[in-house]
Number of protein chains: 2
Amino acid sequence: MQIAVLLFEGFTSLDAVGPYEILSRLPGAETVFVAKAPGPVRNDQGSLALTADKSLAEVPHPDVVLVPGGPETRQAAHDPEIRQWLRTADATSTWTTSVCTGSLLLAAAGLLEGRRATTHWLAFDELRALGVEPTGERVVFDGKYVTAAGVSSGIDMGLHLLGRIAGDEAAMTVQLLTEYDPQPPYDAGSPLKAPAHLVERWRSVRTEDLPQG
Amino acid sequence: MQIAVLLFEGFTSLDAVGPYEILSRLPGAETVFVAKAPGPVRNDQGSLALTADKSLAEVPHPDVVLVPGGPETRQAAHDPEIRQWLRTADATSTWTTSVCTGSLLLAAAGLLEGRRATTHWLAFDELRALGVEPTGERVVFDGKYVTAAGVSSGIDMGLHLLGRIAGDEAAMTVQLLTEYDPQPPYDAGSPLKAPAHLVERWRSVRTEDLPQG
């Protein structure tokens, strides 16, 4: 089983590395970071670079496609090479997945038409504009398409997907080894739970100035 | 404020990137990945490489030191250059922190003597052998020393620390933007909660064969 994680300039690091840390522990799986060209790819903050070990052309038919988000998904969604790779890879994939605004890339490539899907809570209108109604769930399965909400939700997605692929015991083993027993010090991780004034402050920011990943 | 994340061959990626994603969003902070030499540094799985943008010598006095874990902490702990850098950086740091077996590096450098601290649940005996009794808590503050349990606990640590540095509202903002509202599909993230036979299976693995990060 080959798992391909797409990188593009301005991706959000945890979107990619969260589910990577879970899925790459699947016994027998090969996980590979891919980008238009091999080499270091900078994240949205500019302070982190992850290496793409292969070009898109070198990994045309992964079993699992994983697309992170980031402020630059708006540019990446219009990149013909990325769009074509997503369509080609999706044609033979077993699972096509995204985290955060990565679903905007899938939608822009025409892969989420008529599907249940989600994205970062601040990008709901953008997903709607691409013809897909966000569900508001943290992890959404629709056939082979799996989309997750903002940034950190990719870890939950990874565990759900690992369970589907390899069974509950394999997924629980990875949860135990990564000690994923979350204990956040606040209960502010969704717009339904965070203080209303914080939610409103971010809703009023223009889309192009959003830092959401 | 300068935040330095230490990289070494064989680090566990989420140990570093989880708290990075939280702390790097601190307004005005500069976050930099450091290693013995600048360039790509491979993780424990071999399929991910993060770029160290600066050498240890270039970042002698960060305000926050963040040390990830990984199976290779056992080697890194004996590296005189890493050990010396940790001591020098710690001498002037505001916060010295670790995730997972990163605390073994801090302990081996003599920085946790007489302190409350923790590590990955599978590395408790190793921390004890370095003279530090693990507390079993997920995130432990003792003065300026902050240690977290296994892999994913670094995200919780990042939020705790951000709250201390910049206040609750700043930390809740980052939790909201990273949509950290965890909903794992299983409740198997700690040895107290996972099925007993899984815990026993991993406890019986020899230390040098452990994959825990």
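This one's a predicted model, so the numbers in the text were calculated from it and none came from an experiment. (Residues numbered from 1 in each chain as written. Chains lettered and ligands numbered in written order. Predicted model: local features only at pLDDT ≥ 70, side-chain atom pairs only at ≥ 80, totals over all residues. Heavy atoms only, no water.)

### Some points on the overall build of chain A
Here is step 1 of the chain: Of regular secondary structure, chain A possesses eight helices and nine strands.
Here is step 2 of the chain: Taken over C-alpha atoms, the radius of gyration comes to 16 Å for chain A, in line with the 17 Å a tight globule of 213 residues would show.
Here is step 3 of the chain: Dimensions along the principal axes, computed over C-alpha positions, put chain A at roughly 45 × 40 × 35 Å.
Here is step 4 of the chain: For chain A, restricting intrachain contacts to residue pairs at least 6 apart in sequence, the fraction spanning at least 24 positions comes to 66%.
Here is step 5 of the chain: For chain A, the accessible surface area stands at approximately 7,300 Å², while carbon and sulfur atoms represent 50% of it. (Helix = DSSP H or I, 4+ residues; strand = E, 2+ residues; numbered from the N terminus. Rg over C-alpha atoms; globule rule 2.2 N^0.38 Å. Contact = heavy atoms within 4.5 Å. Areas by Shrake-Rupley, 256 points an atom, 1.4 Å probe, with all protein chains shown as cover.)

### A few points about the side chain of A:Thr12
Here is step 1 of the chain: Counting through the fold element by element, A:Thr12 comes out in the loop between strand E1 (2-6) and helix H1 (13-23).
Here is step 2 of the chain: At 2.8 Å, the side chain of A:Thr12 and the side chain of A:Asp44 are in polar contact. (Polar contact = N/O pair within 3.5 Å; in protein donor to acceptor, adjacent residues only side chain to side chain.)

### Details of the packing of aromatic side chains
Residues and elements named next belong to chain A.
Here is step 1 of the chain: Tallied over the full model, the rule gives four aromatic pairs over all chains.
Here is step 2 of the chain: Ring geometry for Tyr20 against Phe33: centres 5.1 Å apart, planes inclined by 45°, an arrangement best described as tilted. Taken together, the residues Tyr20 in helix H1 and Phe33 in strand E2 (residues 30-35) connect sequence positions 13 residues apart.
Here is step 3 of the chain: The exposure class assigned to Tyr20 is buried, which follows from its relative accessible area of 1%.
Here is step 4 of the chain: A centroid spacing of 5.9 Å and a plane angle of 90° characterise the contact between Trp95 and Phe141, whose relative ring orientation is edge-to-face. Here Phe141 lies in strand E8 (residues 139-142) and Trp95 lies in strand E7 (residues 95-99), a separation of 46 residues in the sequence.
Here is step 5 of the chain: Among the residues examined, Trp95 registers a relative accessible area of 13% and is labelled buried.
Here is step 6 of the chain: Classification of Phe141 as buried rests on a relative accessible area of 17%.
Here is step 7 of the chain: Its end group placed over the ring of Phe141, Arg164 keeps NZ or CZ at 3.8 Å from the ring centre. (Phe/Tyr/Trp six-rings, centres within 6.5 Å; stacked < 30°, edge-to-face > 60°. Buried < 20%, exposed > 50% of the residue type's maximum accessible area, 1.4 Å probe, protein only. Lys NZ or Arg CZ within 6 Å of the ring centre and 35° of its normal.)

### Thoughts on the relation of the copies chain B and chain A
Here is step 1 of the chain: Expressed as a screw operation, the relation of chain B to chain A combines 0.0 Å of axial shift with a rotation of 180°, fitting to an RMSD of 0.0 Å. What the superposition gives is, in effect, a two-fold axis relating one chain to the other. Of every C-alpha in chain B, the one belonging to B:Leu50 sits nearest the axis of rotation, 2.4 Å from it. (Least-squares fit on C-alpha atoms with pLDDT ≥ 70 in both.)

### Structural notes on the environment of B:Asp53
Here is step 1 of the chain: Topologically, B:Asp53 is positioned in the loop between strand E4 (49-52) and strand E5 (54-55).
Here is step 2 of the chain: Among residues more than four places away in sequence, those in contact with B:Asp53 are A:Arg42, A:Ser47, B:Val32, B:Phe33 and B:Pro38.
Here is step 3 of the chain: A polar atom in the side chain of B:Asp53 sits 2.7 Å from the side chain of A:Arg42.

### Some words on the environment of B:Asp125
Residues and elements named next belong to chain B.
Here is step 1 of the chain: Structurally, Asp125 can be placed in helix H5 (residues 124-129).
Here is step 2 of the chain: Taking the relative accessible area as the measure of exposure, Asp125 reaches 56% and is therefore exposed.
Here is step 3 of the chain: A polar atom in the side chain of Asp125 sits 2.8 Å from the side chain of Arg128.

### A closer look at unusual backbone geometry
Residue and element names in this part refer to chain A.
Here is step 1 of the chain: In this structure, Cys100 takes a positive phi of about 60° despite not being glycine.
Here is step 2 of the chain: The residue Cys100 is located in the loop between E7 and helix H4 (102-108) in this model.
Here is step 3 of the chain: Assessed through its relative accessible area of 0%, Cys100 is described here as buried.

### Here we look at the sheet that holds E8(A)
For sheets, the rule is that strands pair by backbone hydrogen bonds, running either parallel or antiparallel.
Residue and element names in this part refer to chain A.
Here is step 1 of the chain: Taken together, seven strands build an open sheet; the order of strands is E5-E2-E1-E6-E7-E9-E8 and the sheet is mixed. Of all the strands in the sheet, the pair left with one neighbour each is strand E5 (54-55) and E8.
Here is step 2 of the chain: In terms of strand pairing, E1 meets strand E6 (residues 64-67) through three bridges, oriented parallel. Bridge pairing in E6 places Ile3 opposite Val64.
Here is step 3 of the chain: Packing against the sheet, helix H6 (residues 153-166) makes contact with E6, E7, E8 and strand E9 (145-148), and its axis sits at approximately 165° to E7. (Pairing = 2+ DSSP bridges. Axes fitted to C-alpha atoms, helices over the stretch in contact; angles between N-to-C directions.)

### Some points on the side chain of A:Thr31
Here is step 1 of the chain: Relative to the helices and strands, A:Thr31 resides in strand E2.
Here is step 2 of the chain: Dropping the residues within four chain positions of it, A:Thr31 is found in contact with A:Ile3, A:Val5, A:Tyr20, A:Ser24 and B:Ser47.

### Observations concerning the sheet that holds strand E6 (residues 64-67) of chain B
Residues and elements named next belong to chain B.
Here is step 1 of the chain: Strand order across the open sheet formed by seven strands is E5-E2-E1-E6-E7-E9-E8, with mixed pairing between neighbours. Looking at the sheet topology across the chains shown, the edges are occupied by E5 and strand E8 (139-142).
Here is step 2 of the chain: Packed onto the sheet, helix H6 (residues 153-166) meets E6, strand E7 (95-99), E8 and strand E9 (145-148) and runs at close to 165° relative to E7.

### Quick look at the packing of helix H1 (residues 13-23) of chain B against H6(B)
Residue and element names in this part refer to chain B.
Here is step 1 of the chain: Where H1 contacts H6, the axes come no closer than 7 Å and their chain directions differ by 25°. It follows that H1 is roughly parallel to H6 by the angle criterion. For the element pair H1 and H6, the recorded crossing hand is right-handed. Two secondary-structure elements touch here, H1 through Gly18, Pro19, Ile22 and Leu23 and H6 through Gly154, Ile155, Gly158, Leu159, Leu161 and Leu162. (Parallel < 35°, antiparallel > 145°, perpendicular 65-115°, else oblique. Left-handed = near helix turned anticlockwise from the far one by under 90°.)

### Details of the interface of chain B and chain A
Here is step 1 of the chain: Between chain B and chain A, the contact holds 67 residues from the first and 67 residues from the second.
Here is step 2 of the chain: Regarding the contact of chain B and chain A, the summed buried area is about 5,900 Å², with carbon and sulfur atoms giving 55% of it.
Here is step 3 of the chain: Sorting the residues of chain B by area buried against chain A places B:Leu176, B:Glu179 and B:Tyr186 first, and these three jointly supply 14% of that buried surface.
Here is step 4 of the chain: Joining chain B to chain A, the criterion identifies six salt bridges. (Buried area = accessible area lost by both parts, 1.4 Å probe. Salt bridge = Lys/Arg side-chain N within 4 Å of Asp/Glu carboxyl O.)

### Some words on the packing of helix H7 (residues 168-177) of chain A against helix H8 (residues 196-203) of chain B
Here is step 1 of the chain: Packing of H7(A) against H8(B) leaves a shortest axis separation of 11 Å and a crossing angle of 60°. With respect to H8(B), the axis of H7(A) lies oblique. When the axes of H7(A) and H8(B) are compared, the crossing they make is right-handed. Contacts from A:Glu169, A:Met172, A:Thr173, A:Leu176 and A:Leu177 in H7(A) reach B:His197, B:Leu198, B:Val199, B:Arg201 and B:Trp202 in H8(B).
Here is step 2 of the chain: Here the contact of H7(A) with H8(B) is composed, by residue class, of six nonpolar, two polar and two charged. (Nonpolar A, V, L, I, M, F, W, Y, C, P; charged D, E, K, R; others polar.)

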